[in-house]
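Understanding the architecture of this molecule
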There are 2 protein chains.
Amino acid sequence: MLTLRDIAGHVGVSISTVSLVLNDRDEGRVNADTAARIRRTASELGYVPNQLARSLKKGQTHTIGLVSDRVATVPFSGHMLAGAQQAAWDEGYLLLLIDTAGNDELQRPAVRSLLQRNIEALVFATTYHRLVDLPEVPRSVPVVVLDGRPSDPASRADFVVPDEAAGARAGVARLVAAGHRRIGFCTVPSYPVAARLRRQGYEEALRAAGLPLDPTLVAAAEDANTRAADAPAARLLDRPDRPTAVFCFGDQIAMGFYQAARARGLDVPRDLSVVGFDNQEYVADALSPGLTTVQLPHGAMGAWAAHRALRRITGEAADAPPEGHLMPCPLVERDSVAPPPDTR
Amino acid sequence: MLTLRDIAGHVGVSISTVSLVLNDRDEGRVNADTAARIRRTASELGYVPNQLARSLKKGQTHTIGLVSDRVATVPFSGHMLAGAQQAAWDEGYLLLLIDTAGNDELQRPAVRSLLQRNIEALVFATTYHRLVDLPEVPRSVPVVVLDGRPSDPASRADFVVPDEAAGARAGVARLVAAGHRRIGFCTVPSYPVAARLRRQGYEEALRAAGLPLDPTLVAAAEDANTRAADAPAARLLDRPDRPTAVFCFGDQIAMGFYQAARARGLDVPRDLSVVGFDNQEYVADALSPGLTTVQLPHGAMGAWAAHRALRRITGEAADAPPEGHLMPCPLVERDSVAPPPDTR
DNA sequence: CTACCGTCATCAATCGTTTGACGCCACCCG
DNA sequence: CGGGTGGCGTCAAACGATTGATGACGGTAG
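Given the structure is predicted, the values throughout are model-derived calculations rather than measurements.

Observations concerning the sheet that holds strand β12 (residues 331-332) of chain A
Residues and elements named next belong to chain A. Within the open sheet, the six strands sit side by side as β7-β6-β8-β9-β10-β12. Their pairing is mixed. Each end of this open sheet is capped by a strand with a single partner; those strands are β7 (218-220) and β12. When strand β10 (residues 292-295) meets β12, the two strands line up antiparallel, connected through two bridges. Opposite V294, over in β12, you have L331 as the bridge partner. The strands that helix α9 (residues 230-237) touches are β6 (183-187), β7 and β8 (245-248); relative to β7, the one it contacts most, it runs at about 160 degrees.

Observations regarding the protein's contact with DNA strand D
Near DNA strand D there are 27 residues, and of these T3, S16 and A53 of chain A together with S16 and N31 of chain B occur at the shortest range. Mapped onto the surface near DNA strand D, the elements with two or more residues apiece are α2 (15-22) and α4 (51-58) of chain A together with α2 (15-22) and α4 (51-58) of chain B. Here the element with the most residues in the surface near DNA strand D is α4 of chain A; it accounts for five residues. Of the residues assigned to the surface near DNA strand D, the class counts are 11 nonpolar, 11 polar and five charged.

Here's the deal with α4 of chain B
For α4 of chain B, the full list of buried residues reads Q51, L52 and S55 of chain B. Buried positions in α4 of chain B, seen along its axis, are confined to an arc of 100 degrees and lie on one side of it. For α4 of chain B, the exposed residues set more than 90 degrees away from the buried face come down to K57 and K58 of chain B. The elements touched by buried residues of α4 of chain B are α4 and α6 (107-116) of chain A. Positive phi appears at G59 of chain B, one or two residues downstream of α4 of chain B, with a value of about 70 degrees.

Some thoughts on the domain arrangement of chain A
Residues and elements named next belong to chain A. Here chain A is partitioned into domain 1 (4-49), domain 2 (60-162 + 298-327) and domain 3 (164-296 + 331-343). Relative to domain 3, the C-alpha centre of domain 2 lies at a distance of 32 Å. In this assembly, seven residues from domain 2 lie in contact with nine residues from domain 3. No other element matches strand β3 (residues 121-132), which puts four residues into the side of domain 2 that touches domain 3. Its residues assigned to classes, the side of domain 2 that touches domain 3 comprises four nonpolar, two polar and one charged.

As for the relation of the copies chain B and chain A
Of the transformation placing chain B onto chain A, the axial shift is 0.0 Å and the rotation is 180 degrees, giving an RMSD of 0.1 Å. Taken together, the turn and the small shift mark the pair as related by a two-fold rotation axis. Most of the interface of chain B is mirrored in chain A, where 100% of its interface residues again form contacts.

Regarding unusual backbone geometry
Residue P269 of chain A is bonded to the preceding V268 of chain A through a cis peptide linkage, with omega at 5 degrees. In this fold, P269 of chain A is placed in the loop between α10 (251-263) and β9 (273-278). Look at N118 of chain B: it is not a glycine, yet its phi comes out positive at around 60 degrees. Within the secondary structure, N118 of chain B is located in the loop between α6 (107-116) and β3 (121-132). Residue N118 of chain B is classed as partly exposed on the basis of its 19 C-beta neighbours within 10 Å. At Y282 of chain B, a position not held by glycine, the phi torsion is positive, near 70 degrees.

Some thoughts on the packing of helix α1 (residues 4-11) of chain B against helix α3 (residues 32-45) of chain B
Residues and elements named next belong to chain B. At a minimum axis distance of 10 Å, the contact between α1 and α3 shows a crossing angle of 125 degrees. When the interaxial angle is binned, α1 and α3 end up oblique. α3 is crossed by α1, and the crossing has right-handed handedness. Together, D6, I7, H10 and V11 of α1 and R37, I38, T41, A42 and L45 of α3 make up the contact between the two elements. Of the residues assigned to the contact of α1 with α3, the class counts are five nonpolar, two polar and two charged.

Considerations on the protein's contact with DNA strand C
Of all residues adjacent to DNA strand C, which total 26 residues, the nearest are S16 and N31 of chain A together with L4, S16 and A53 of chain B. Mapped onto the surface near DNA strand C, the elements with two or more residues apiece are α2 and α4 of chain A together with α2 and α4 of chain B. Across the surface near DNA strand C, the residue classes break down as 11 nonpolar, 10 polar and five charged.

Here we look at the pairing of strand β8 (residues 245-248) of chain B
Residue and element names in this part refer to chain B. Both faces of β8 are covered, namely the face carrying A245 and F247 and the face carrying V246 and C248. Bridging between strand β6 (residues 183-187) and β8 involves four bridges; their strand directions are parallel. Each bridged residue has a counterpart across the sheet, and for F185 the counterpart in β8 is F247. Here three bridges tie β8 to strand β9 (residues 273-278), and the two strands are oriented parallel to one another. Bridge pairing in β9 places F247 opposite V275.

Definitions and limits used
Residues numbered from 1 in each chain as written. Chains lettered and ligands numbered in written order. Predicted model: local features only at pLDDT ≥ 70, side-chain atom pairs only at ≥ 80, totals over all residues. Pairing = 2+ DSSP bridges. Helix = DSSP H or I, 4+ residues; strand = E, 2+ residues; numbered from the N terminus. Contact = placed C-beta atoms within 7 Å. Axes fitted to C-alpha atoms, helices over the stretch in contact; angles between N-to-C directions. Near = placed C-beta within 6 Å. Nonpolar A, V, L, I, M, F, W, Y, C, P; charged D, E, K, R; others polar. Buried ≥ 20, exposed ≤ 12 C-beta atoms within 10 Å, placed from the backbone. Arc of directions from axis to C-beta. Domains from an automatic or database assignment. Least-squares fit on C-alpha atoms with pLDDT ≥ 70 in both. Parallel < 35°, antiparallel > 145°, perpendicular 65-115°, else oblique. Left-handed = near helix turned anticlockwise from the far one by under 90°.

As structure tokens, this is what we get:
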């Protein structure tokens, strides 16, 4: 590894001079010729500054830490990572990553280990819009929660979550617009925050359309997977006045409804319109017909989190009050929504 | 931030002494009482060593860099990340992550930026078992390619890839064992390496079973997605002597075959057995019936890569010849394989 | 002739740790 | 009493960079 000393030796000047020049702080301090020689030599020799030394001196590592419980193993939330990493990269920052793999015991050591490395900010990523207990972090290190909210209301952490309610409203509104008046909702209570907000959006959309809220049209699945959709699907579809459309908690559930509908000889979307939530690539688009669904904006949330952290670091928002950002969830239209049967 | 100086001040000894003690190198050099006092004070005050300074001095950052083209955005390969990160963590290393998002221009700057931070090893991750051109890296930094092979045969990089051929053999062997004798293969030529090896495994399994290779039973899809399976499915299924089973390049293709079979009134697995490849969570398990498929061992490969890198760093395998590791791809049995119809 | 100024470059301290080489003191031995 | 020996600690020089203070030098003004 080449150091300033090497360059200085080659050119025949002092280390300080080289440093000044290579940091473009030579204006009025170093002769233009000398500066040029230094620059040329540095690039010829392929000098690369040692960030470690620089960081130590300047107290900035240009590194932000990201700890996640599980982000790296849940498929689509890789987008969060990518979004955060790219946003950081764009401003010259790198991401130090730790996945605690769902083991909460690991959170503290993970954060410690990141702090030891002098990260300038911490992004704390979770999955499915959860409430998180944040490990303690010195005030000098801003924290942003990604896809979750700090459970402590006094927390000074920013956070970004999907605007689930608005997304749900949009999804249900699409069904209303298609002419549906009996719209079921399949929820998954094991995701309490998301379930509540999506249901809220569902109800708001119905109210906005002047439609009655029929609690019997809401059915719960035990879990968010395809198989768990069987029971609620049966409850909603095996009744004479079955809904003409369902809004599903997630794409997996929606996939379950596809299967349940097919098993009953119902065609999607002719006999049953379906709207999902998540826009899981490889599911929503792979289904036939393609699933109209509400997108969970993982990439955008990741980018927001990193960007927000950087704004705090750079001082532009250094001591702004904590902000909770609701990221819009766009509706992705495919082919699973049609007018209800009786209108044809 | 607390430094050695602070502890030294509190206890009334020199910085050196504190350093010695906190690194457990005090044996015979520091009085046991003094040592105890130092340790106590350090923990009371919550001293945490500054890794930056330590790294600068010792020349080891305990950090490995991972650059990937797209790993973070392709769903299941997040497992690679998680595997690598956890393996690194287990040995006290952290992962510095850069996703080049498919933009090859970014690779060099990404690697430069990691090297500037004195990573001790580089893991270069790709997707789908590709040939990769490795950016240049000083000999002192070991490189491991993850889910790909170095295109340069003289490369000194280790690599790990799935044992596609063996996986394919296992998948097809499962069909043979169920009694199938006409087994189709749906390939996707746009993944050249994987396609070749999976086909090779397919053919080996047939030969091993003494079955003829019928080239008309091999059909190609334009792409690896569900919709792209339509054409090859038609070619294989719309013929009088259609195969009783298909082995698919990927789970998405398999999903396409499910749909194609259903459209033709064929039941999976009664009329058509299907085996996939990838074991994409949320697809293989979500399908109905569950898809028997060959697992792509992303997590294990990630862990292998990190572990291998660490072995080179620690000197245990410092100058072993480059190793290419084939990671076994276990068969995951679900319900898409049954005996062929005519045997019943 | 001295004082002062601008130009160009270097000095030296610093960031927080690490670590081989010393130093000091008490004690013991011959 | 001189010299060796442990035991206990500190010194000081790194690691590679940054940066305010300082200085040498030639030229110009008073």
